[in-house]
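Chains, contacts and geometry: an overview
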Amino acid sequence: MAGKLSTWFVLSSGSSSHGWNDDCKKHYFSLRLFPRSLVSCKMRPQRSSNRPQAKKIFPAQLPQSDNLVPDGSGHSDSENTDDISALSSNSISKDIVAIQRYDDRNSSNKLNLSIGADKVNELSTVNIQDVIGMIRNAEKNIHILNQARIHAIEDLEKILGEKETLQREINSLEMRLAETDARIRVAAQDKIHVELLQDHLEKLQTEMSNRNEIQDIVLRSPDRQTRVLSEELNILRNENMSLKNDLMRLQEELSEVKKTDERVEMLEKERSILESSLKELEYKLTYSQEDDSQLSTLRSEYETLWDKVEHLQGLLDKSTSQADQAILVLQQNQELRKKVERLEESLEDASIYKLSSEKLQQYNDLMQQKIKLLDERLERSDAEIHSYVQLYQDSVKEFQDTLDNLKEESKKKASGKHVDMPWEFWSRLLVMFDAWSLEKKIDGDEAKLLRDMTWKKDTRIHDVYMECKDKNERETITAFRKLTSLSSSPGLHVIHIAAEMAPVAKVGGLGDVLSALSKALQKKGHLVEIILPKYDCMQYESIQDLRVLDIVVESYFDGQLFKNKIWVGTVEGLPVYFIEPLHPAKFFWRGKTYGEPDDLKRFSFFSRAALELLYQAGKKPDIIHCHDWQTAFVAPLYWDIYAPKGLNSARICFTCHNFEYQGTAPAAEIASCGLDIHHLNRPDRMQDHSSTDRINPVKGAIVYSNIVTTVSPTYAQEVRTSKGGQGLHATLNAHAKKFVGILNGIDTDAWNPATDGYLRFQYNANDLDGKAENKKALRRHLGLSIANSRRPLVGCITRLVPQKGVHLIRHAIYRALELGGQFVLLGSSPVPSIHREFEEIANKFQTHEHVRLILKYDEALSHTIYAASDMFIIPSIFEPCGLTQMIAMRYGAIPIVRKTGGLNDSVFDVDDDTIPVQLRNGFTFVTPDEQGFNGAYDRAFNHYNSDSEGWQELMRKVMSIDFSWDTSAAQYEELYQQSVAKARAVNRAAG
Ligand code: ADP
């Protein structure tokens, strides 16, 4: 291309020397156009290298003129193109050098060309004019070239400017390209959406077509499709509208709910205010009930006082008449005195004649005696008068005091305030005790003790006084003396003889009761000792300082004496004696506590040996407390054998923990321990109701004990009926005066979730987190599912015997699964058929994720189950007291129980409106069948699932109930004290 252009330039420049300018102009335009074509070509980078080549070549061709063309070549332009090209590559370059030099020197006239010698020779032959012309032309050419160069530079600048513009354009295009790419991507996504929508539309269409065949036909036509689509759109719009409406409605409802929430909050506040005022009212009610009882006490006192006032009135009347009489007597006395004076005068007269007459002397003596008698009479009469006057004055004073008291009391009643007994009350008692002391009706010590108690306003003084309101003085004094005998004692000496004691030898509730009651009594200041058999299977690690004594106690059995080793140690801080009979039958080396065929022999032997130990140790206990049939023999043995021997300081208390077990046996067997069967085998003594040949130890204990108790008030009522008495109701009714039901407590130190060493996580009513952790830990330990922490866990820990409602326990397992709960049973059964039945169930659920049955006795596990359970079932057919419901509550597990015995005294249904709210603590049912049980069970689950906060509240509430032995032990203490006081009074009367 460059070559061709050069050729074109040379030819045109050489065509006419005159037409140079025009050609140059043409050339110039060509030049101006040339870069443009170059520029346009430069758009493609591979060609950009051409442009600088063109620029170089172009000026190099300029010196070529017609003259410079080789002479005589005769070749046409077209023919010589190649040669020219060749030339241009050699000579043109030389010419350029020459022109440049010329140009450099810038001289118009001087020709100083450094050209070769050949050229100089040629030039000499050339006309100078031509040379000048050539030079001029060359100058012009140079000029033109310069201009062209300027233009070219300008063009170059423009090109560069254009290049920049183009670059910018390129950049913006690239940007747009990127944008377009992005849009394409978006469009591609849109396309996918559209495709999806189309799919959807197709699906809708198919659906529509499925729905309605007619519509299907319509849909096939595109118009109809459009219509259907628009209809669908309308439907969607309508749906949208309705959704919007719904949304608005929901928003309205939400604001309503918020308002309701606020209202609920307000109501909550009102409720709490009402609750607190209710509590206040209840408190006031209790207070007013106390006031009421105080009022009734005051009323009865008022009546007594009124009686007294009437009595005093009578006394006053009597005194007045006596005073009148006294005045009469006084007048008579005065007359007598006058007579005496007169007699004295006559005596004086007579004394004058004294010496004169013997008779007179005698008369004188007689008169003297008469005077003496009269004087004595006078003195007596004076004293009598004075006492009458004193009595009168006292009566008036007492009358006045009574009136004052009455006034004071009526004032207090009017003011409605509860006050302690007025000082007058205590002062009157002080005076009364002083009077008794002076009158030698009580001794000095007794008077001092009573005065001290009165001074301290001891309520026992008040109580005895109230008890004796209607009694005469002698009875009143006896009652106060009893009080002194108890108060002066440092505490009672109580000895329990039993077959169980927790934790060393525990089978059931008896073990718990024994240690907890003993501890509570010990805490109250009594000396408590326990006598147990020394079982081989005891928990020996719970006995401290166990040692055998260096004595042997011999006791009678089957007509001979057997030696017994005596061991001592302490259990839970209590002194315990363990009897180890050295009998060939090895009574307590059986690996178990009960359930041996010779149980009767084992425990009658033990009862006798225990009394023998007391006797030989010379102990003088105030109370011997025996428990259940195993130690029921103690009562008749004590009175028939040991009291006559001298062990007679004690009163016997017998507690029956379960009347189902009475230990009846053929009369001959009972005789082994030395009881006189002929004497005892009578219907009113030990004869069993079932046969004249059977002896009933429990019946014997009821008859031969001073105090008989059972373990709850409701059970005490139940066993006095033919239905619940297990044949002993008649005996219990006959001895009703000494029979009482005292609700057991639990050992709140041993059963305390805040300190329980068996638990991995301790907790209390104010911090229930630990309970949830224990639940998780137990589930893990037993391999139960831990997936849902809210799934309720039902616990049951029991001896599996018919009494405990085993059919309902079995039902509860399956029902728990139906209700979405988990179930854990810890139980052991002495009944083989029941054991087998539960073993089958246990095997069935061996790997179940929600049920586990552990058929053994396990103290440690029992603690963890109480702690982990949300609910706890005790569906007993009958239950003397039951401890598990109390333990469960202490650990925050809500009890579900049948309303019987002690369960009825300790669990009150949360939905029972007849029970004060503060007492409601569980779920109860009456009928011992599945339907009855479900009534409580389902409610409990419902409560748990629907009201989590309420359930927590209930947990906190039951955990705070006081199930300690404090109250129950106080009742036993009172029974003991009354019995002991009665005995002392009898002994005093006898002695
Ligand atoms: P009873 O004396 O009729 O057996 P209670 O409710 O009065 O029933 O007392 C039962 C006591 O025995 C509770 O302390 C309970 O925890 C415990 N207990 C019952 N069965 C077991 C067992 N299998 N493992 C551990 N402790 C048990």
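Residues take numbers from 1 onward in each chain, read along the sequence in its written order. Local features in this predicted model are restricted to residues whose pLDDT is 70 or higher, and side-chain atom pairs enter the listing and the counts only when it is 80 or higher, whereas totals over whole chains, interfaces and linings include all residues. Hydrogens are left out, water is left out, and the side-chain values use all remaining heavy atoms of the structure.

We now examine the overall build of the protein chain. Secondary structure elements follow DSSP: runs of H or I of four or more residues count as helices, runs of E of two or more count as strands, with numbering from the N terminus. Check the secondary structure of the protein chain and you find 30 helices and 17 strands. To sort residues, take the accessible area from a 1.4 Å probe on protein chains only and compare it with the maximum for the residue type: under 20% means buried, over 50% means exposed, and anything in between is partly exposed. Looking at the protein chain residue by residue over its 991 residues, the buried ones come to 41%. Contacts between residues were defined by any pair of non-hydrogen atoms, one from each residue, lying within 4.5 Å. Of all intrachain contacts in the protein chain linking residues separated by at least 6 positions in sequence, the fraction that spans at least 24 positions is 72%. Accessibility throughout is a Shrake-Rupley quantity obtained with a 1.4 Å probe, and a residue counts as covered only by protein chains that appear here. Carbon together with sulfur atoms contributes 54% to the accessible area of the protein chain, which is approximately 55100 Å² in total.

Turning next to the sheet that holds strand β11 (residues 739-741). The pairing criterion is simple: DSSP has to find at least two bridges between the two strands. Spatial ordering of the open sheet is given by β3-β4-β5-β2-β1-β6-β7-β10-β11, a layout of nine strands whose pairing is mixed. Both outer strands of the open sheet, β3 (544-557) and β11, are each paired with one neighbouring strand and no more. The mean inter-strand angle of the sheet, taken between neighbouring strand axes irrespective of direction, is 25°. Relative to strand β2 (residues 527-533), strand β1 (residues 493-497) runs parallel, the two being bridged by five bridges. Residue pairing in the sheet places H493 in a bridge with L527 of β2. Contacts between helix α14 (residues 509-523) and the sheet are confined to β1, β2, β5 (574-581) and β6 (623-627), with β2 contributing the most and set at about 160° to the helix. Orientation is described by lines fitted to C-alpha atoms, with helices fitted over the stretch in contact, and by angles between N-to-C directions that extend from 0 to 180 degrees. Packing of helix α15 (residues 599-617) onto the sheet brings it into contact with β1, β2, β3, β4 (560-571), β5 and β6, and relative to β3 it is tilted by some 105°.

All right, on to the packing of aromatic side chains then. Two aromatic rings, taken as a pair, are described by how far apart their centres are and by the angle between their planes. Only Phe, Tyr and Trp rings take part, Trp by its six-membered ring, and two of them pair if their centres are within 6.5 Å. Stacked means planes under 30 degrees apart, edge-to-face means over 60, and tilted covers everything else. Inspection of the entire model under this criterion finds 31 aromatic pairs. Look at F557 and F587: their rings are 6.1 Å apart centre to centre, the planes differ by 75°, and that puts the pair in the edge-to-face class. Of this pair, F557 sits in strand β3 while F587 sits in the loop between β5 and α15, and the two are 30 residues apart along the sequence. In terms of burial, F557 and F587 fall into one category: buried. Their ring planes at 65° and their centres at 5.2 Å tell us that F557 and F605 sit as a pair that is edge-to-face. Within this pair, whereas F557 is found in strand β3, its partner F605 is found in helix α15, the two being separated by 48 residues in sequence.

This part covers helix α30 (residues 966-990). Because each turn of an α-helix spans 3.6 residues, side chains separated by three or four positions end up pointing in the same direction. What a helix should span is 1.5 Å times the count of its residues minus one. Spanning 25 residues, α30 covers 36 Å between terminal C-alpha atoms, matching the ideal 36 Å at 1.5 Å per step. What α30 keeps buried is the set S968, A969, Y972, E973, Y976, S979, V980, A981, A983 and A985.

Here the focus is the packing of helix α23 (residues 806-818) against helix α24 (residues 832-844). At a closest axis distance of 12 Å, the pairing of α23 and α24 adopts a crossing angle of 5°. The angle between the axes of α23 and α24 places the two elements in the roughly parallel class. Packed against α23, whose contacting residues are V806, I809, R810, I813 and Y814, the element α24 presents I834, E837, F838, I841 and K844 at the interface. Here the residues of the contact of α23 with α24 are counted per class, giving seven nonpolar, no polar and three charged. The cut-offs work like this: below 35 degrees is roughly parallel, past 145 is roughly antiparallel, 65 to 115 is roughly perpendicular, and the gaps in between are oblique. All amino acids are sorted into three groups, where Ala, Val, Leu, Ile, Met, Phe, Trp, Tyr, Cys and Pro are nonpolar, Asp, Glu, Lys and Arg are charged, and the leftover types, Gly among them, are polar.

What follows covers the nonpolar core. One finds M501, I531, L611, I624 and F659 to be the most contacted residues of the largest nonpolar core, which totals 77 residues. Of all the elements, α15 adds the most residues to this core, at nine residues. For M501, the residues in contact, after removing those within four places along its chain, are K506, G511, L514, S515, I530, L532, V571, L574 and V576. Residues belong to a common nonpolar core when they are buried Ala, Val, Leu, Ile, Met, Phe, Trp, Tyr or Cys residues joined through side-chain atoms within 4.5 Å.

Next up on the list: a negative patch on the surface. Grouping into patches uses exposed residues only, defined as over 30% relative accessible area, and leaves out salt-bridged ones; the cut-off is 9 Å for like charges and 5 Å for nonpolar side chains (Val, Leu, Ile, Met, Phe, Trp, Tyr). By salt bridge we mean one thing: a side-chain nitrogen of Lys or Arg within 4 Å of a carboxyl oxygen of Asp or Glu. His is not counted here, nor are the chain ends, while Lys and Arg score as positive and Asp and Glu score as negative. The location of each charge is read from NZ of Lys, CZ of Arg, CG of Asp or CD of Glu. Among the surface-exposed residues, E303, D307, E310 and D470 lie close enough to one another that they form a single negatively charged patch. Relative to the assigned elements, D470 resides in the loop between α12 (459-467) and α13 (473-488). Given the relative accessible area of 73%, D470 is considered exposed.

Counting across every chain of the model gives 30 salt bridges. Salt-bridge contacts for K519 lead to D747; the nearest nitrogen and oxygen are separated by 2.6 Å. Residue K519 is found in helix α14, and its partner D747 is found in the loop between β11 and α22 (769-782); the two are separated by 228 residues along the sequence. Comparing K519 with D747 shows no difference in burial state: the two are buried. A salt bridge links R920 to D913, with the nearest nitrogen and oxygen atoms 4.0 Å apart. What emerges from the salt-bridge pattern is a single network uniting R590, K592, E596 and D598.

Before going further, it helps to spend a moment on the site of the ligand. Any residue with at least one heavy atom within 4 Å of a molecule or strand is counted as near it. Taken together, 20 residues lie near the ligand, and K506, G509, R799, K804 and Y866 sit nearest. Here a polar contact means two N or O atoms within 3.5 Å. Within protein one must be a hydrogen donor candidate and the other an acceptor candidate, and residues neighboring in sequence count only if both atoms are side-chain atoms. Between an oxygen atom of the ligand and a side-chain N or O atom of R799, the distance comes to 2.7 Å. Within the contact set of the ligand, an oxygen atom lies 2.9 Å away from a backbone nitrogen or oxygen of L883. Protein burial of the ligand: of its 560 Å² of free accessible surface, 93% is covered by the chains. Of all the secondary-structure elements, those providing two or more residues to the shell around the ligand are α14, β12 (793-799), β13 (822-828), α25 (859-868) and α26 (884-890). Among the elements that make up the shell around the ligand, the one with the highest residue count is β12 (three residues).

Reading across the sheet, the six strands line up as β14-β13-β12-β15-β16-β17 and stay open at both edges, with parallel pairing between neighbours. One side of each edge strand has no neighbouring strand; the edge strands of this open sheet are β14 (851-854) and β17 (923-925). Looking at each pair of strands side by side, their axes are set apart by 15° on average, direction ignored. Most of the contacts of α23 go to β13, to which it runs at about 160°, and overall it touches β12, β13, β14, β15 (871-874) and β17.

Attention now goes to the side chain of H657. Its place among the elements puts H657 in the loop between β7 (651-656) and β8 (665-666). One polar contact links H657 to H627, side chain to side chain, over a distance of 3.0 Å.

Let us now look at unusual backbone geometry. With an omega dihedral of 0°, the bond running from A502 to P503 counts as a cis peptide bond. In this structure, K440 is a non-glycine residue whose phi angle is positive, near 65°. When you line up the elements, K440 lands in the loop between α10 (423-438) and α11 (444-455). Look at D558: it is not a glycine, yet its phi comes out positive at around 50°.

With respect to the secondary-structure elements, L919 resides in the loop between α27 (901-906) and β17. Sequence separation of L919 and I961 is 42 residues, and the distance between their C-alpha atoms is 9.1 Å. Ignoring sequence-local partners within four residues, the contact set of L919 consists of F908 and K957.

The next point concerns the environment of Y976. Structurally, the position occupied by Y976 is in helix α30. Residues Y976 and I652 lie 324 residues apart in sequence; the distance between their C-alpha atoms is 9.1 Å. Those residues within four positions of Y976 in sequence are excluded, and the remaining contacts are L492, V494, H496, L517, L521, I623, H625, C653 and I707. A polar contact of 2.6 Å, which involves the side chain of Y976, links it to the side chain of H625.

Our focus in this paragraph is α12. For α12, the full list of buried residues reads I461, H462, V464, Y465 and M466. Of the residues flanking the start of α12, the one acting as N-cap is D458, its side-chain oxygen 2.8 Å from the backbone nitrogen of R460.

Orientation of helix α16 (residues 634-645) relative to helix α19 (residues 697-704), taken along the N-to-C sense of each, is 50°, at an axis distance of 7 Å. The angle between α16 and α19 falls in the class oblique. Where α16 approaches α19, its residues A635, P636, W639 and D640 are matched on the opposing element by G700, A701 and Y704. When its residues are assigned to classes, the contact of α16 with α19 shows five nonpolar, one polar and one charged.

Okay, the pairing of β1 next. The buried fraction of β1 is high, at five of five residues. Inspection of the sheet shows β1 paired to β6 by four bridges, in the parallel sense. Bridging across to β6, I497 finds its partner in C626.

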